[in-house]
Amino acid sequence: MNQDFWNTKNGTISYFPDGSLNIAYEVLDKHLNAPNRNKTALIFEPENGDTVLYTFLDLIKLSNKIANILTNLGVVKGDRVFLFLPRIPELYASFLGIVKTGAIAGTMFSAFGESALKDRFENSEAKIVLTTKELSARIEQVKNRLPKLEHILVVDEENFKQQLEQASEQFSIVHMNSEDYAFMLYTSGTTGKPKGIVHAHGGIIQQKESAKLVLDLKDDDVYWCTADPGWVTGIVYSILANWSLGITTIVYGGRFDAQIWYQILAKNKVSVWYTAPTAIRMLMAKGDDLVKQHDLSHVRFLASVGEPLNPEAIIWAQKVFGKPFHDTWWQTETGSIMIANSPTLEIKPGSMGKPLPWMNANVFNQEGSQAQVDEEGDLVLHPPWPSIMRTVWNNQEKYDSYFKNGWYITGDRAKKDKDGYFWFVGRADDVIKTSGERVGPFEVETALIDFPGVVEAGVIGKPDSLRGEIIKAFVVIKPEVKPSEELKEQLKEHVKKYLAGHAYPREIEFIDKLPKTRSGKIMRRILRAKEMGQDIGDTSTLEEY
Ligand code: WTA
């Protein structure tokens, strides 16, 4: 890391006089007695109903009230407080309210089922969760097995609303060190349960700088990042970086709908739009006429993240919006954008762009040395940098496994061309990216095996022109169970309920036996090759196939 560079940026962050900080101060409270005090911070577009506006002052007051409620319940620095909420203003204010108390804010997708919730509460030992009446039913199912979970606060219940009403609007923000933990979120790897990636307050300096540089955010922008805060993009670029820059930000509470999306863009005169390839492809599928029915002339900068952005999407955007999507690459673990097509960089469609000026990225070959130009290898980054994860919750071994010979190993395969542009090739492991969501095959396999009559299951990502990948499951059932379409539907429903609405296998195939190594590990590589009609490669460690 170029420490001197970040030292020069220290002045862009609001530290307390004692040299400490708190990202909630940098994001919200520094605006209290400053020009942005009465500026609109949040434009909330609900799925049904009227638009609601929150100024920075409104968010400061609401987050203070929440911080007071939490503190009264005994929350102290370092505690984990989780959010299991849909995209409503309370989610955004509570995230910052939690951080104000010095606790670690954790987020979870509202699509999560019982088992996904239980795993996360159990591992993080969360003390409190904020949720809604509708979602709380799922927590109730697992509550008995979570002795550390002391309170379930239901934000749309009368009781909580009264507490909010009565709580003080003043709160003394807890002073934190740059290395103190601020937020965490769970993400999937190949094996085992999802891991809690923990980020520190000090990351804000890079999150803010990257938003300025890559997303080109300016004072009078209206900015829409479509990501849910259950995903790192929805935290870093829909709460932290944007509001630390004082930018008016849209939150849409509903599901994807092309017509509604264009309406939101047009009505609010959105100027900077950060979204994801699957959404872009879904918009493309709805055709150009729909775009033409809306006045999108104020959209000046488009960016994308989460999965490979196909060149067609860039060409399409150029045609219908008159400007391209700028691809950006990063990970939950990196805490901010690492590689990007920054506004000043000439886009090579299909490339992720170049590392940001403060990042040292490289591609390593099998020997662990720099790959040749255009040679595929492991994408690596040189640590540390301010926004890198600080730990994997209660799993030092996992954290250590990310680093090798002084480099951070991303788990992605990539190429670097003669001009220094990086090109994404694929994952080095079995992690699935479906509609931009990261899903671990092991979790889906576990969910499937939980269903009566299933013996074992092997899960892979199958290339899909819309969703990037879809989840495909190969399932072995007991001899007495009859394979049927109905059973497939039951299995899909089971995974949705047990694990998550977005992590269910869209395709299921019943097979007699799974390919395994001699030590009994499922060889997903073989399943993938079989699915793609490819040569199954070296099978020397195969038990039998
Ligand atoms: C993939 C996302 C291709 C990649 C903020 C990475 C991408 C994983 C891109 C991280 C991109 C992300 N092109 N692939 N522009 N951006 N990925 O943690 O495999 O959900 O390792 O964070 O998404 O996913 P995560």
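Use the structure listed above.
Definitions and cut-offs
Residues numbered from 1 in each chain as written. Predicted model: local features only at pLDDT ≥ 70, side-chain atom pairs only at ≥ 80, totals over all residues. Heavy atoms only, no water. Helix = DSSP H or I, 4+ residues; strand = E, 2+ residues; numbered from the N terminus. Buried < 20%, exposed > 50% of the residue type's maximum accessible area, 1.4 Å probe, protein only. Contact = heavy atoms within 4.5 Å. Areas by Shrake-Rupley, 256 points an atom, 1.4 Å probe, with all protein chains shown as cover. Lys, Arg positive; Asp, Glu negative; His and termini not counted. Charge placed at Lys NZ, Arg CZ, Asp CG, Glu CD. Axes fitted to C-alpha atoms, helices over the stretch in contact; angles between N-to-C directions. Parallel < 35°, antiparallel > 145°, perpendicular 65-115°, else oblique. Left-handed = near helix turned anticlockwise from the far one by under 90°. Nonpolar A, V, L, I, M, F, W, Y, C, P; charged D, E, K, R; others polar. Expected span 1.5 Å × (residues − 1). Pairing = 2+ DSSP bridges. Near = heavy atom within 4 Å. Polar contact = N/O pair within 3.5 Å; in protein donor to acceptor, adjacent residues only side chain to side chain.

J.: Just to check I follow, could you spell out the overall build of the chain for this structure?
T.: Each helix and strand in the chain was counted, giving 17 helices and 26 strands. Structurally, the chain occupies a C-alpha span of about 70 × 55 × 55 Å along its principal axes. The buried share of the chain, taken over its 545 residues, is 59%. Once local pairs closer than 6 in sequence are excluded, the contacts in the chain between residues at least 24 apart make up 69%. In the form shown here, the chain has an accessible surface area of approximately 22200 Å², with 48% of it arising from carbon and sulfur atoms. Within the chain, the 71 negative side-chain charges are centred at a point lying 0 Å from the centre of the 63 positive side-chain charges.

J.: Looking at this structure, I do not really get unusual backbone geometry. What am I missing?
T.: Along the chain, P383 connects to P384 via a cis peptide bond; the corresponding omega equals -5°. Structurally, P384 is set in the loop between β17 (377–381) and β18 (391–392). Although it is not a glycine, S435 adopts a positive phi angle of roughly 50°. With respect to the helices and strands, the residue S435 is situated in the loop between β22 (432–434) and β23 (437–439).

J.: Quick question: what am I supposed to make of the packing of helix α11 (residues 277–285) against helix α13 (residues 311–320) here?
T.: Look at α11 against α13: their axes get within 10 Å of each other, and the N-to-C directions meet at 55°. By the angle class used here, α11 and α13 are oblique. The handedness of the crossing between α11 and α13 is left-handed. Judged by residue contacts, I280, L283 and M284 of α11 engage E312, A313 and W316 from α13. Tallied by class, residues from the contact of α11 with α13 come to five nonpolar, no polar and one charged.

J.: Whenever I open this one, the environment of S172 confuses me. Can you help?
T.: Among the secondary structure elements, S172 is positioned in the loop between α7 (158–166) and β7 (181–187). Sequence separation between S172 and A67 is 105 residues, and the spatial gap between their C-alpha atoms is 9.2 Å.

J.: It is not clear to me how helix α4 (residues 89–100) should be interpreted in this structure. Could you clarify?
T.: In an α-helix there are 3.6 residues to a turn, and that puts residues three or four apart on one side. Taking 1.5 Å of rise per residue, the twelve residues of α4 would be expected to cover 16 Å, and the 17 Å separating its terminal C-alpha atoms lies within 8% of that figure. By the criterion of burial, α4 is predominantly enclosed, with eleven of the twelve residues buried. G102 occupies a position one or two residues after α4 and carries a positive phi of about 90°.

J.: Before we go on, may I ask you to explain the sheet that holds β18 in this structure?
T.: One key point about sheets: their strands pair by backbone hydrogen bonds, in either a parallel or an antiparallel sense. Ordered by their spatial adjacency, seven strands build an open sheet running β6-β5-β3-β4-β7-β8-β18, and the pairing between neighbours is mixed. The sheet is open, and its two edges are formed by β6 (151–154) and β18, each paired on a single side. Alignment of strand β3 (residues 80–84) against strand β5 (residues 128–131), held across four bridges, turns out to be parallel. If you follow L83 over to β5, its bridge partner there is L130.

J.: Looking at this model, I keep getting lost on the site of the ligand. Mind explaining?
T.: Neighbouring the ligand are 18 residues; W231, T328, Q331, T332 and R438 lie closest to it. Here Q331 contributes a side-chain N or O atom positioned 2.8 Å from an oxygen atom of the ligand. Between the ligand and D412 there is a distance of 3.0 Å, counted from an oxygen atom to a side-chain nitrogen or oxygen. Relative to its unbound accessible area of 530 Å², the ligand is 99% covered by the protein chains. Considering every element that reaches the shell around the ligand, the biggest residue donor is strand β13 (residues 325–329), with three residues. Each residue belonging to the shell around the ligand can be placed in one class, and the counts come to seven nonpolar, five polar and six charged.

Remember that the coordinates give geometry; whether it matters functionally is a separate question.
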